[in-house]
Amino acid sequence: MFDAALRLVGERGPASVTVDEIAAEAGVAKGTVYYNFGSKDGLVDALLRHGVELLAGRLREAERYADTREAVDHLVDGALGFFGEYPAFAQLLVSELWRTPGQWHGTLSLLRDDIVSILKGQMQRVADAGRLPPGVEVGTASAALFGTLLVVALDWQVFQPERTREQVRDSVLPLVHGLAAARAPEPEPPGS
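Please read all numbers here as calculations on a predicted model, not as lab measurements.

Asker: It is not clear to me how the side chain of Arg169 should be interpreted in this structure. Could you clarify?
Answerer: Its place among the elements puts Arg169 in helix α9 (residues 165-181). Here Arg169 is in contact with Val76, Asp77 and Leu80, once residues within four sequence places are set aside.

See below:
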């Protein structure tokens, strides 16, 4: 049911999809949706939570790597892999995150915070290793990485579907590593 609902809701938005359509796409009775979720809104809420749990699980795998560069590589690859597998979820996230005020804004805010906190943990490790440029806050870097990966994944799926995940990953990693390697210019000595 997750895949069917995700496909329909991701393509057309939650408001444009009926319980009948979701049930038909999933090959279940309409009552099954109501029994398990209470309503279409309950199904969409559960869909968002389940998708974020899957994404969070992939991102948490980066915690296994002691090397911060490898951990960030795994974050990027995990996120792109998830969005490559569930492109409609990326569409749903973007459409609902920026809909103001959206019906699922409260749920999505909490879920977004979960994802960003995982990224924040890794960005803090990057900062602790002295690899984050001076003046760049860990929270800002974390939100920027999440936004970058989400938008890059959408661009890939919508405009460049012929590219492989590896090609997309390999074009994003230099940007991410470039940020980590960037340093503020040294001040000029007085009288120069």
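Moving on from the model shown.
Asker: Would you mind going over the side chain of Asp77 with me for this structure?
Answerer: Mapped onto the secondary structure, Asp77 falls in helix α5 (residues 68-85). Excluding anything up to four places from it in sequence, Asp77 contacts Arg165 and Arg169.

Asker: What is the right way to read the nonpolar core from this model?
Answerer: Grouped together as the largest cluster of nonpolar side chains are 57 residues, with contacts concentrated most on Phe83 and Phe89. Going through the elements one at a time, α1 (2-12), α2 (19-26), α4 (40-60), α5, α6 (87-97), α7 (105-128), α8 (138-159) and α9 are the ones with two or more residues in this core.

Asker: What's the story with the packing of aromatic side chains in this structure? I'm lost.
Answerer: Each pair of aromatic rings is reported with the distance of its centres and the angle of its planes. Within the structure shown, the criterion is met by four aromatic pairs. Between the aromatic rings of Phe2 and Tyr86, the centroid separation amounts to 5.6 Å while the plane-to-plane angle is 75 degrees, which identifies the pairing as edge-to-face. Of the two residues, Phe2 sits in helix α1 while Tyr86 sits in the loop between α5 and α6, which places them 84 residues apart along the sequence. Per residue, the accessibility class of Phe2 equals that of Tyr86, and both read buried. Every member of this aromatic cluster is reached through a ring pair, and the members are Phe2, Phe82, Phe83, Tyr86 and Phe89.

Asker: Looking at this structure, I do not really get the packing of α5 against α6. What am I missing?
Answerer: The packing of two helices is summarised by the inter-axis angle and the distance between the axes. The geometry of α5 relative to α6 is characterised by a closest axis approach of 4 Å and an angle of 100 degrees between their N-to-C directions. With respect to α6, the element α5 is oriented roughly perpendicular. Of α6, the residues touching α5 (which contributes Phe82, Phe83, Gly84 and Glu85) are Pro87, Phe89, Ala90 and Leu93.

Asker: Looking at this structure, I do not really get α5. What am I missing?
Answerer: An ideal rise of 1.5 Å per residue puts 26 Å on 18 residues; α5 measures up with 25 Å between its terminal C-alpha atoms. Where burial is concerned, most of α5 is hidden: 13 out of the 18 residues are buried.

Asker: How should α2 be read in this particular structure?
Answerer: Side chains three or four residues apart in an α-helix point the same way, a direct result of the helix having 3.6 residues per turn. Every buried residue of α2 is accounted for by Val19, Ile22 and Ala23. Taken end-on, α2 shows its buried residues confined to a sector of 95 degrees, consistent with a single buried face. Along its buried surface, α2 packs onto α1, α3 (30-37) and α4.

Asker: Looking at this structure, how should I read the environment of Leu6?
Answerer: Within the element layout of this structure, Leu6 appears in helix α1. In this structure, Leu6 is in contact with Glu11, Leu47, Tyr86, Ala88, Phe89 and Leu92, ignoring residues within four places of it in sequence.

Definitions and limits used
- Residues numbered from 1 in each chain as written.
- Predicted model: local features only at pLDDT ≥ 70, side-chain atom pairs only at ≥ 80, totals over all residues.
- Heavy atoms only, no water.
- Helix = DSSP H or I, 4+ residues; strand = E, 2+ residues; numbered from the N terminus.
- Contact = heavy atoms within 4.5 Å.
- Core = buried A, V, L, I, M, F, W, Y, C linked by side-chain atoms within 4.5 Å.
- Buried < 20%, exposed > 50% of the residue type's maximum accessible area, 1.4 Å probe, protein only.
- Phe/Tyr/Trp six-rings, centres within 6.5 Å; stacked < 30°, edge-to-face > 60°.
- Axes fitted to C-alpha atoms, helices over the stretch in contact; angles between N-to-C directions.
- Parallel < 35°, antiparallel > 145°, perpendicular 65-115°, else oblique.
- Expected span 1.5 Å × (residues − 1).
- Arc of directions from axis to C-beta.

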